[in-house]
Protein chains: 2
Amino acid sequence: MSNYENVTLDPTANVYFDGGCVSHTFYTAEGVRKSAGVIFPNTFNFGTAAPEVMELNGGSCRVRLAGSEDWNTYSAGESFSVPGDSSFDIEVTETLSYVCHYG
Amino acid sequence: MSNYENVTLDPTANVYFDGGCVSHTFYTAEGVRKSAGVIFPNTFNFGTAAPEVMELNGGSCRVRLAGSEDWNTYSAGESFSVPGDSSFDIEVTETLSYVCHYG
């Protein structure tokens, strides 16, 4: 995945689920917040505030959005979208490398 | 710790020791490589290529440089230096948040 240029990086990592997910927040030159991170193999439930687009550049997972019965599989090169003020279940089957786009 | 502005960020995380250490590489506007990461509580041996200065902005650890008998304790607000082409033992007692400066 190509580098992000001219960004502002918060050097303090975000750690979730006892290290099951680690990310760094950054801001584009236009001030748009994003985060780059990894999620290790396990099953998690993530909540959202803003809507999110999870862009996967490595790994594989199954995702079930809140209110849905269906699990969908996503892997490197694919993305999935999650509504704001919602949540999703994710089963990571191969360590995920991702960029999360908000808003 | 204050943000790094105008950097180029590699969004693909570096994962070491099965997730015991996760970092992101970035480059300053001058092209100087650095990395921002976390190291979770455990004991590790890290090798160095370039000399490193580990700037701690959170957590606590004990460090023993290669060839030394002495363990030194470092915590948030402190730094320690490691020669190039060397190694160090680190016992992380509280999750470390760091920026690594090379060269």
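As a reminder, the structure under discussion sits directly above these lines.
Quick caveat, the model's predicted, so the values are computed rather than measured. (Residues numbered from 1 in each chain as written. Chains lettered and ligands numbered in written order. Predicted model: local features only at pLDDT ≥ 70, side-chain atom pairs only at ≥ 80, totals over all residues. Heavy atoms only, no water.)

K.L.:
Account for the relation of the copies chain B and chain A, naming residues and giving values.
P.N.:
For the pair chain B and chain A, the relating rotation is 180°, the translation along its axis is 0.0 Å, and the fit reaches an RMSD of 0.0 Å. With respect to symmetry, the two chain copies, as superposed, fit the operation of a two-fold axis. Taking the C-alpha atom as reference, chain B places N6 of chain B closest to the rotation axis, 2.2 Å from it. When the interface residues of chain B are mapped onto chain A, 100% of them are again interface residues, pointing to one common binding face. (Least-squares fit on C-alpha atoms with pLDDT ≥ 70 in both. Contact = heavy atoms within 4.5 Å.)

K.L.:
I'd like to hear about the pattern of salt bridges, residue by residue, with values.
P.N.:
Once the charged atoms of two side chains with opposite charge are near each other, the side chains can pair. All names here are of chain A. All told, the structure shown has 4 salt bridges over all chains when counted by the stated rule. Between R64 and D89 there is a salt bridge, with the nearest N and O atoms lying 3.0 Å from each other. With R64 in strand 6 (residues 52–65) and D89 in strand 9 (residues 87–102), this residue pair connects regions lying 25 residues apart in the sequence. Taking the relative accessible area as the measure of exposure, D89 reaches 19% and is therefore buried. (Salt bridge = Lys/Arg side-chain N within 4 Å of Asp/Glu carboxyl O. Helix = DSSP H or I, 4+ residues; strand = E, 2+ residues; numbered from the N terminus. Buried < 20%, exposed > 50% of the residue type's maximum accessible area, 1.4 Å probe, protein only.)

K.L.:
Which residues make up the pairing of strand 7 (residues 72–75) of chain B, and what are the values?
P.N.:
Residues and elements named next belong to chain B. Where strand 6 (residues 52–65) and strand 7 come together, 4 bridges link them in antiparallel fashion. Bridge pairing links V63 to N72 in strand 7. What sits between the antiparallel neighbours strand 6 and strand 7 is a turn of 6 residues, in which G67 has the positive phi angle 85°. (Pairing = 2+ DSSP bridges.)

K.L.:
I'd like a rundown of unusual backbone geometry, residues and numbers included.
P.N.:
With the exception of glycine, most residues fall at negative phi, and the peptide bonds are largely trans. Residues and elements named next belong to chain A. Phi angles above zero are rare outside glycine, and N6 is one such case at about 60°. When its relative accessible area of 40% is taken as the criterion, N6 is described as partly exposed. We note that F17 has phi near 50°; this positive angle belongs to a residue other than glycine. Structurally, F17 can be placed in the loop between strand 2 (14–16) and strand 3 (21–27).

K.L.:
Could you give an account of the interface of chain B and chain A, naming the residues involved and the relevant values?
P.N.:
With 26 residues of chain B at the interface, the matching set in chain A holds 26 residues. Roughly 2,000 Å² is buried in total at the junction of chain B and chain A, and carbon and sulfur atoms are behind 64% of that figure. Viewed at the interface, chain A and chain B are joined by 0 salt bridges. Between chain B and chain A we count 8 residue pairs in polar contact (both at pLDDT 80 or more) in total. Among the secondary structure elements, those contributing two or more residues to the side of chain B that touches chain A are strand 1 (4–9), strand 3 (21–27), strand 4 (33–39) and strand 9 (87–102) of chain B. (Buried area = accessible area lost by both parts, 1.4 Å probe. Polar contact = N/O pair within 3.5 Å; in protein donor to acceptor, adjacent residues only side chain to side chain.)

K.L.:
So, the side chain of H24 of chain A: which residues are in play, and what are the values?
P.N.:
Tracing the sequence through the fold places H24 of chain A in strand 3. Among the polar contacts made by the side chain of H24 of chain A, one reaches the main-chain carbonyl oxygen of P11 of chain A at a distance of 3.3 Å. Polar contacts involving the side chain of H24 of chain A include one to the side chain of H24 of chain B, which spans 3.0 Å. When sequence neighbours within four positions are dropped, the list of residues in contact with H24 of chain A reads L9, D10, P11, T12, A13, N14, K34, S35 and A36 of chain A together with H24, A36 and G37 of chain B.

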